Amino acid sequence: MAKVLGVGGVFFKSADPAALRAWYAEVLGLESESWGAVFEPQALTEVAGSATVWAPFQADTTYFAPAAKDFMFNLIVDDLEGVLARCRQNGVMPLKLMPDEANGAFAHILDPEGNKIELWQPKPMA
């Protein structure tokens with residue numbers, strides 16, 4: 001059967017790709033090359049409860065606010081508190097904390113270009 005298997009990548013425009021890659025490496029620990037980064041599926045299979053979600057939102061949603069963009073990144077992390085500590089060390093304060101949601105712990109931050117990032121530490125599913 002011909003069907004979609006998953007998200008093959010996230011591609012977006014940036015005013016300064018090198019500076020943005022450096023910010024993601026410094027603040028979030030996301031190391032990448034000049035062309036981007038690869039997330040191997042086995043890294044996620046080691047984190048119980050993790051998954052890739054595809055979800056269109058209503059055009060008038062405020063969930064992506066304060067970003068003015070029509071999209072948001074959700075990045076799975078292994079230690080939300082540790083990532084948030086590194087964010088704070090780099091002057092990045094969370095916009096919202098959701099420590100005990102049904103699917104795990106979440107936090108919202110903005111990158112230097114105003115892209116909203118939802119950090120997610122999955123909760124193992126029962």
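Residues numbered from 1 in each chain as written. Predicted model: local features only at pLDDT ≥ 70, side-chain atom pairs only at ≥ 80, totals over all residues. Heavy atoms only, no water.

Trainee: Just checking my understanding: could you explain the overall build of the protein chain for this structure?
Mentor: A tally of regular secondary structure across the protein chain gives three helices and four strands. Secondary structure elements in the protein chain, listed N-terminal to C-terminal, are α-α-β-α-β-β-β. Its C-alpha atoms give the protein chain a radius of gyration of 15 Å, near enough to 14 Å, the size a compact globule of 126 residues would have. Projecting the C-alpha coordinates of the protein chain onto the three principal axes gives extents of approximately 40 × 35 × 35 Å. (Helix = DSSP H or I, 4+ residues; strand = E, 2+ residues; numbered from the N terminus. Rg over C-alpha atoms; globule rule 2.2 N^0.38 Å.)

Trainee: Any chance you could explain the environment of Met 1 here in plain terms?
Mentor: Mapped onto the secondary structure, Met 1 falls in the segment before α1 (17–28). As for Met 1 and Pro 122, which are separated by 121 residues in sequence, their C-alpha atoms are 30 Å apart.

Trainee: Quick question: what am I supposed to make of helix α3 (residues 80–89) here?
Mentor: Residue pairs three or four apart in sequence face the same way in an α-helix, which turns once every 3.6 residues. Those residues of α3 that sit buried are Leu 80, Val 83, Leu 84 and Cys 87. On an axial view of α3, the arc spanned by its buried residues comes to 100°, and they lie on one face. Exposed side of α3, more than 90 degrees from the buried face: Glu 81 and Gln 89 are the residues found there. Check the buried side of α3 and you find it contacts α1, β2 (96–101), β3 (104–110) and β4 (116–122). Directly after α3, the chain includes Gly 91, whose backbone phi takes a positive value near 80°. (Buried < 20%, exposed > 50% of the residue type's maximum accessible area, 1.4 Å probe, protein only. Arc of directions from axis to C-beta. Contact = heavy atoms within 4.5 Å.)

Just geometry here; none of it tells us what the structure is for.
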